[in-house]
Amino acid sequence: MLTQVERTAHINSIKSLPQHLRSAVQNLTDTQLDTPYRDGGWTVRQVVHHLADSHLNAHTRTRLALTENTPTIKPYNQDAWALLADYALPIEISLQIIDGLHLRWSVLWESLSADAFAHTVHHPDNGIMSLDDILQSYARHGENHVKQIMDLRERKGW
Ligand code: NI
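Residues numbered from 1 in each chain as written. Predicted model: local features only at pLDDT ≥ 70, side-chain atom pairs only at ≥ 80, totals over all residues. Heavy atoms only, no water.

### Let's talk about the coordination of the nickel ion
Ideal coordination angles are 109.5 degrees for a metal with four donors arranged tetrahedrally and 90 or 180 degrees for a metal with six donors arranged octahedrally.
Right, so step 1: All of the protein donors around the nickel ion are His50 (NE2), His141 (NE2) and His145 (NE2); their distances to the metal are 2.1 Å.
Right, so step 2: When the donors of the nickel ion are listed by position in the chain, the intervening gaps give H-x90-H-x3-H. Residue histidine 50 is found in helix 3 (residues 44-67), and its partner histidine 141 is found in helix 6 (residues 131-156); the two are separated by 91 residues along the sequence.
Right, so step 3: Residue class for histidine 50 comes out buried when judged on its relative accessible area of 3%.
Right, so step 4: Note on histidine 141: relative accessible area 18%, which makes it buried. (Donors = N, O, S within 2.8 Å, 3.2 Å for Na, K, Ca; no water. Helix = DSSP H or I, 4+ residues; strand = E, 2+ residues; numbered from the N terminus. Buried < 20%, exposed > 50% of the residue type's maximum accessible area, 1.4 Å probe, protein only.)

### Here we look at a nonpolar patch on the surface
Right, so step 1: A grouping of Leu56, Leu89, Ile93 and Ile97 is seen on the molecular surface, where their side chains present a nonpolar patch of about 290 Å² in accessible area.
Right, so step 2: Considering the arrangement of structural elements, one finds isoleucine 97 in helix 5 (residues 91-111).
Right, so step 3: The class for isoleucine 97 is partly exposed, based on a relative accessible area of 34%. (Patch = residues over 30% accessible without salt bridge, like charges linked within 9 Å, V, L, I, M, F, W, Y side chains within 5 Å. Areas by Shrake-Rupley, 256 points an atom, 1.4 Å probe, with all protein chains shown as cover. Salt bridge = Lys/Arg side-chain N within 4 Å of Asp/Glu carboxyl O.)

Next comes the structure, spelled out in C-alpha coordinates:
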(Lines give C-alpha, C1' and ligand atoms only; values in the text may rest on other atoms or scores of the structure.)
Protein backbone atom coordinates (compact mmCIF):
# COMPACT_ATOMS: atom_id res chain seq x y z
CA MET A 1 0.00 0.00 0.00
CA LEU A 2 1.27 3.48 -0.86
CA THR A 3 1.17 6.54 1.38
CA GLN A 4 -0.87 9.54 0.24
CA VAL A 5 2.40 11.38 -0.41
CA GLU A 6 3.60 8.58 -2.68
CA ARG A 7 0.25 8.49 -4.48
CA THR A 8 0.37 12.23 -5.08
CA ALA A 9 3.91 11.97 -6.47
CA HIS A 10 2.93 9.17 -8.86
CA ILE A 11 -0.25 10.99 -9.97
CA ASN A 12 1.82 14.11 -10.66
CA SER A 13 4.21 11.97 -12.69
CA ILE A 14 1.31 10.65 -14.79
CA LYS A 15 0.00 14.20 -15.18
CA SER A 16 3.35 15.50 -16.43
CA LEU A 17 4.28 12.60 -18.73
CA PRO A 18 2.82 14.23 -21.89
CA GLN A 19 4.99 17.32 -21.39
CA HIS A 20 8.11 15.34 -20.44
CA LEU A 21 7.68 13.04 -23.42
CA ARG A 22 7.16 15.95 -25.84
CA SER A 23 10.29 17.60 -24.57
CA ALA A 24 12.27 14.32 -24.81
CA VAL A 25 11.38 13.92 -28.52
CA GLN A 26 11.48 17.60 -29.46
CA ASN A 27 13.18 18.34 -32.81
CA LEU A 28 14.16 14.73 -33.54
CA THR A 29 14.35 13.96 -37.27
CA ASP A 30 12.66 10.93 -38.81
CA THR A 31 16.03 9.17 -38.97
CA GLN A 32 16.64 9.86 -35.29
CA LEU A 33 13.11 8.68 -34.41
CA ASP A 34 13.84 5.43 -36.26
CA THR A 35 16.99 4.77 -34.19
CA PRO A 36 16.83 2.05 -31.50
CA TYR A 37 17.27 3.45 -27.99
CA ARG A 38 19.68 0.54 -27.37
CA ASP A 39 21.08 -2.32 -29.47
CA GLY A 40 18.24 -4.62 -30.44
CA GLY A 41 15.70 -2.39 -28.67
CA TRP A 42 12.70 -0.47 -29.96
CA THR A 43 13.16 2.72 -31.92
CA VAL A 44 12.14 6.03 -30.36
CA ARG A 45 9.08 6.00 -32.65
CA GLN A 46 8.08 2.54 -31.40
CA VAL A 47 8.57 3.63 -27.79
CA VAL A 48 6.19 6.58 -28.26
CA HIS A 49 3.48 4.45 -29.90
CA HIS A 50 4.06 1.78 -27.23
CA LEU A 51 3.46 4.33 -24.46
CA ALA A 52 0.09 5.21 -25.99
CA ASP A 53 -0.94 1.56 -26.32
CA SER A 54 0.39 0.51 -22.92
CA HIS A 55 -1.31 3.36 -21.11
CA LEU A 56 -4.58 2.91 -23.01
CA ASN A 57 -4.58 -0.65 -21.67
CA ALA A 58 -3.62 0.53 -18.19
CA HIS A 59 -6.37 3.16 -18.21
CA THR A 60 -8.87 0.44 -19.11
CA ARG A 61 -7.51 -1.74 -16.27
CA THR A 62 -7.94 1.19 -13.87
CA ARG A 63 -11.56 1.59 -14.94
CA LEU A 64 -12.23 -2.17 -14.70
CA ALA A 65 -10.76 -2.26 -11.18
CA LEU A 66 -13.06 0.57 -10.11
CA THR A 67 -16.23 -0.89 -11.54
CA GLU A 68 -15.95 -4.68 -11.18
CA ASN A 69 -14.96 -7.14 -8.49
CA THR A 70 -11.31 -8.14 -9.15
CA PRO A 71 -11.79 -8.58 -12.91
CA THR A 72 -9.32 -10.69 -14.88
CA ILE A 73 -7.46 -8.42 -17.27
CA LYS A 74 -6.10 -9.26 -20.70
CA PRO A 75 -2.33 -9.28 -21.23
CA TYR A 76 -1.07 -8.66 -24.76
CA ASN A 77 2.13 -9.27 -26.71
CA GLN A 78 3.72 -5.82 -26.70
CA ASP A 79 6.62 -6.83 -28.97
CA ALA A 80 4.18 -8.11 -31.59
CA TRP A 81 2.08 -4.93 -31.22
CA ALA A 82 5.20 -2.85 -31.95
CA LEU A 83 5.55 -4.54 -35.35
CA LEU A 84 2.04 -3.66 -36.57
CA ALA A 85 1.79 -1.08 -39.35
CA ASP A 86 0.56 1.86 -37.29
CA TYR A 87 3.83 2.00 -35.33
CA ALA A 88 5.35 3.61 -38.45
CA LEU A 89 3.00 6.61 -38.21
CA PRO A 90 4.21 10.07 -37.17
CA ILE A 91 4.66 10.20 -33.39
CA GLU A 92 2.45 13.29 -33.11
CA ILE A 93 -0.57 11.00 -33.48
CA SER A 94 0.33 9.06 -30.33
CA LEU A 95 1.52 12.20 -28.52
CA GLN A 96 -2.01 13.56 -28.95
CA ILE A 97 -3.54 10.32 -27.67
CA ILE A 98 -1.23 10.53 -24.64
CA ASP A 99 -2.18 14.19 -24.05
CA GLY A 100 -5.88 13.37 -23.82
CA LEU A 101 -5.47 10.01 -22.16
CA HIS A 102 -3.21 11.26 -19.37
CA LEU A 103 -5.50 14.20 -18.70
CA ARG A 104 -8.44 11.83 -18.24
CA TRP A 105 -6.39 9.29 -16.28
CA SER A 106 -5.07 12.01 -13.93
CA VAL A 107 -8.57 13.30 -13.25
CA LEU A 108 -9.64 9.75 -12.47
CA TRP A 109 -6.71 9.11 -10.09
CA GLU A 110 -7.29 12.43 -8.33
CA SER A 111 -10.95 11.61 -7.78
CA LEU A 112 -10.20 8.45 -5.78
CA SER A 113 -10.66 8.21 -2.04
CA ALA A 114 -7.81 6.57 -0.07
CA ASP A 115 -9.87 3.35 0.18
CA ALA A 116 -10.35 3.11 -3.58
CA PHE A 117 -6.65 2.40 -4.17
CA ALA A 118 -7.22 -1.05 -2.64
CA HIS A 119 -9.40 -2.12 -5.60
CA THR A 120 -7.77 -5.00 -7.44
CA VAL A 121 -7.52 -6.73 -10.80
CA HIS A 122 -6.38 -10.27 -11.49
CA HIS A 123 -3.48 -10.37 -13.94
CA PRO A 124 -3.13 -13.91 -15.38
CA ASP A 125 0.69 -13.75 -15.21
CA ASN A 126 1.32 -11.45 -12.21
CA GLY A 127 -1.57 -12.39 -9.92
CA ILE A 128 -3.58 -9.87 -7.92
CA MET A 129 -2.64 -6.21 -8.48
CA SER A 130 -4.10 -3.27 -6.57
CA LEU A 131 -4.70 0.20 -7.99
CA ASP A 132 -1.71 1.29 -5.89
CA ASP A 133 0.39 -1.26 -7.80
CA ILE A 134 -0.98 -0.06 -11.15
CA LEU A 135 -0.44 3.61 -10.27
CA GLN A 136 3.15 3.07 -9.19
CA SER A 137 4.09 0.76 -12.02
CA TYR A 138 2.72 3.00 -14.80
CA ALA A 139 4.13 6.21 -13.33
CA ARG A 140 7.55 4.52 -13.38
CA HIS A 141 6.87 3.01 -16.80
CA GLY A 142 6.42 6.45 -18.33
CA GLU A 143 9.44 7.87 -16.54
CA ASN A 144 11.65 4.94 -17.62
CA HIS A 145 10.77 5.27 -21.30
CA VAL A 146 11.33 9.05 -21.24
CA LYS A 147 14.72 8.41 -19.67
CA GLN A 148 15.60 5.88 -22.39
CA ILE A 149 14.99 8.55 -25.02
CA MET A 150 16.91 11.22 -23.12
CA ASP A 151 19.84 8.85 -22.52
CA LEU A 152 19.94 8.03 -26.24
CA ARG A 153 20.04 11.75 -27.12
CA GLU A 154 22.84 12.31 -24.64
CA ARG A 155 24.89 9.38 -25.94
CA LYS A 156 24.41 10.52 -29.53
CA GLY A 157 24.92 14.19 -28.77
CA TRP A 158 21.50 15.07 -30.29
NI1 NI B 1 7.24 -0.27 -21.78
